[in-house]
Amino acid sequence: MSNTEKHPEERVVHPSAPHCENGAPVELIFARTMPLGEGDHAMAVHRTLPQRQRSLIGAWCFADHYGPDSVFLTGGMDVAPHPHMGLQTVSWLFEGEIMHNDSAGYHAVVKPGEVNLMTAGNGICHSETSTQGVTTLHGLQLWVALPDSARAIEPQFENYAPRPVRFEGGEAIVFIGSLLGSDSPVETFTPLLGSEICLNPGAQLELAVNPHFEHGLLLDSGSVHLEGVPVQRTELAYTGVGSDTLHIENSTEQPARMVILGGEPFDEQIVMWWNLVARTHEEIVQARSQWQEHSDRFGAVEGYVGHYPSGPAWLSAPQLPQGRIRPRTNPAPTAQPQQG
């Protein structure tokens, strides 16, 4: 998925961090609603990462949450070829199907319960379109920043369908890393966790986690309490390092679904603009120029068929800002206190 903001920039959101008795402090990150697409054919997405409040959780550097979206009303997903570098894209669907085509020659249908991970490395481009017959789209698009040691590798693509893990009160699907005795074979280049968790009405979960990881709970449906703090749909509840257990409760009469993201704090500064992750302003400028000039760096997508004959054959990059693009700084990996 592409960041389709015409003037990509950070915005200020003030955090709150209730400190719970006998539990980890929790920082709530509220989503910004963004259009994916143009005009009447735009699909609304809820973006919780990045924000000035917090740019990363581990190496997770981008989180878009969308749906349930009626394809009849919005036309579904139609993201023309666009570039990526220095990152991995992680597609996770709850409902619907998306056709993925990329310039490395990988073609796959993204389905619910199957993780699709594209490693951009030094450069790749891809397109994403909802498939024919799909009536509803619902899922997440996530990005992972690659460490300096891996950001120049050749592009890769992986598909993995994990088996659900059942526990008293619900089930989990671990698509990245390890949780609840389930291990994902999907390759990442820093220690990470990604898991969907469904919690039954009235259920409680004491979730054993890696104390060296920071974590975020992104709520998709229902209502839960994390360490006693209420979390609503589309909100991302953050806990820092040091906790070996997270306490989650669904005290309602409806099931709740969430995604847990975690990882070791990412200790490299990144320069992130549009769909590109780099280390310097100059790298961004060079990559943008190469994309606009259709250089060999990003290649070309074969197989993209847009939903609208008048739609673009590829996405042109936004204009660069007037000043230098600065590195994104991240607060310490602890939940932040309330700002004025």
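Anything mentioned here points back to the structure above.
Counting starts from 1 at the beginning of each chain's written sequence and moves along it residue by residue. Only residues with pLDDT of at least 70 get local features here, since the model is predicted, and only at 80 or more are side-chain atom pairs given and counted; chain-wide, interface and lining totals rely on the full set of residues. Heavy atoms throughout the structure, all of them, feed into the side-chain values; hydrogens and water do not.

1. Looking at empty space enclosed by the protein
Points on a 1 Å grid, built from protein atoms alone, make a cavity when a 1.4 Å probe fits but cannot get out and make a pocket when they are open with protein on both sides within 12 Å along at least 5 of 7 lines; residues with an atom within 4 Å of a point are the lining residues. Grid points are joined across faces, edges and corners, and a volume is the space filled by probe spheres set on the points. A full pass over the atoms with the stated rule returns two cavities of 30 Å³ or more. The volume enclosed by the largest cavity comes to roughly 40 Å³. Taken together, Thr 89, Ser 91, Ile 98, His 100, Val 110, Asn 116, Met 118, Glu 128 and Phe 157 form the lining of the largest cavity. Contributions of two or more residues to the lining of the largest cavity are made by β6 (87–95), β7 (98–102) and β9 (115–119). Residue classes follow a fixed rule: Ala, Val, Leu, Ile, Met, Phe, Trp, Tyr, Cys and Pro count as nonpolar, while Asp, Glu, Lys and Arg count as charged, and any other residue, Gly among them, counts as polar. Tallied by class, residues from the lining of the largest cavity come to four nonpolar, four polar and one charged. Strands are runs of DSSP state E lasting at least two residues, helices are runs of H or I lasting at least four, and both sets are numbered from the N terminus onward.

2. Re the sheet that holds strand β19 (residues 214–221)
Here the rule is simple: two strands pair whenever DSSP picks up at least two bridges between them. Reading across the sheet, the seven strands line up as β1-β22-β19-β24-β17-β14-β13 and stay open at both edges, with antiparallel pairing between neighbours. Every other strand in the sheet has two partners, leaving β1 (27–29) and β13 (165–167) as the edge strands with one partner each. Averaged over all pairs of adjacent strands, the angle between their axes in this sheet comes to 25°, without regard to strand direction. Between N-to-C directions, angles cover 0 to 180 degrees, with each direction set by a line fitted to C-alpha atoms, over the stretch in contact for helices.

3. Remarks on the packing of aromatic side chains
Only Phe, Tyr and Trp rings take part, Trp by its six-membered ring, and two of them pair if their centres are within 6.5 Å. Stacked means planes under 30 degrees apart, edge-to-face means over 60, and tilted covers everything else. Tallying each qualifying case throughout the model produces six aromatic pairs. Residues Trp 291 and Phe 298 carry aromatic rings whose centres are separated by 5.9 Å and whose planes lie at 90° to one another, so their mutual orientation is edge-to-face. Phe 298 carries the same exposure label as Trp 291, and that label is buried. Ring centres 5.2 Å apart and planes at 65° place the aromatic pair Trp 291 and Trp 314 in the edge-to-face group. On the criterion of sequence distance, the pair formed by Trp 291 in helix α2 (residues 281–292) and Trp 314 in the segment after α2 is long-range, its members being 23 residues apart. Partly exposed residues are those whose accessible area sits between 20% and 50% of the maximum for their type, while under 20% is buried and over 50% is exposed, using a 1.4 Å probe and protein chains only. For Trp 291, a relative accessible area of 6% puts it in the buried group. Through pairs of rings, three or more aromatic residues link up here, namely Trp 291, Phe 298 and Trp 314. In this analysis the charged atom, NZ for Lys or CZ for Arg, is taken to sit over a ring once it is within 6 Å of the ring centre and within 35 degrees of the ring normal. Over the ring of Tyr 238 we find Arg 54, and its NZ or CZ is 3.8 Å from the ring centre. The ring of Phe 94 carries the charged tip of Arg 257 above its face, separated from the ring centre by 4.1 Å.

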